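# An overview of the molecular structure
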Amino acid sequence: MQLYHEPHLQRKSDKCAALWREWYNYKYGLRDYERAERTRERWRKCCDDFEIMLNNELKTNPRYNNGRYLL
């Protein structure tokens, strides 16, 4: 499912979602808490990077005007 018009944002969102599913599987499926902790850290970093990308897109993409999406 596409949430973003910008392909680089969609790829990053998909990557973060995949890391979250991986973390969930380690923590609650396999109960491998050490791997879950490492994966959670990678997921958190991915989300932090994604936040920076979103903020940059909002500031630089002409599609957005004063924080509002233009169709």
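Details of the structure are given in the entry above.
No experiment lies behind these values; they were computed from the predicted model shown.

### Points about the state of the cysteines
Tallied over the full model, the rule gives one disulfide. Across the disulfide, Cys16 is cross-linked to Cys46 (sulfur-sulfur distance 2.1 Å). Here Cys16 and Cys46 share a disulfide; its torsion about the S-S bond, -95 degrees, makes the bridge left-handed. Linking Cys16 in helix H1 (residues 7-29) with Cys46 in helix H2 (residues 33-60), this pair joins segments that are 30 residues apart in sequence. Both residues of the pair, Cys16 and Cys46, belong to the buried class. No disulfide involves Cys47; its sulfur sits 4.5 Å from the nearest other cysteine sulfur, which is in Cys16. With relative accessibility at 29%, the residue Cys47 sits in the partly exposed group.

### A short note on the environment of Ile52
Following the sequence through the fold, Ile52 ends up in helix H2. Each C-alpha atom, one on Ile52 and one on Gln2, is 20 Å from the other, the two residues being 50 residues apart in sequence.

### Quick look at the pattern of salt bridges
Counted by the stated rule, this structure contains seven salt bridges. Between Arg63 and Glu6 there is a salt bridge, and its shortest N-O distance comes to 3.8 Å. With a gap of 57 residues between them, Arg63 in the loop between H2 and strand E1 (64-65) and Glu6 in the segment before H1 connect regions that are remote in the sequence. Using a relative accessible area of 29% as the deciding quantity, one classes Arg63 as partly exposed. Between Lys45 and Asp49 there is a salt bridge; the shortest N-O distance is 3.2 Å. Remark: Asp49 and Lys45 occur in helix H2; sequence separation between them is four residues, near one turn of the helix. Three or more residues are tied together by salt bridges with common partners; here these are Lys12, Lys45 and Asp49.

Cut-off values and rules
- Residues numbered from 1 in each chain as written.
- Predicted model: local features only at pLDDT ≥ 70, side-chain atom pairs only at ≥ 80, totals over all residues.
- Heavy atoms only, no water.
- Disulfide = S-S within 2.5 Å.
- Helix = DSSP H or I, 4+ residues; strand = E, 2+ residues; numbered from the N terminus.
- Buried < 20%, exposed > 50% of the residue type's maximum accessible area, 1.4 Å probe, protein only.
- Salt bridge = Lys/Arg side-chain N within 4 Å of Asp/Glu carboxyl O.

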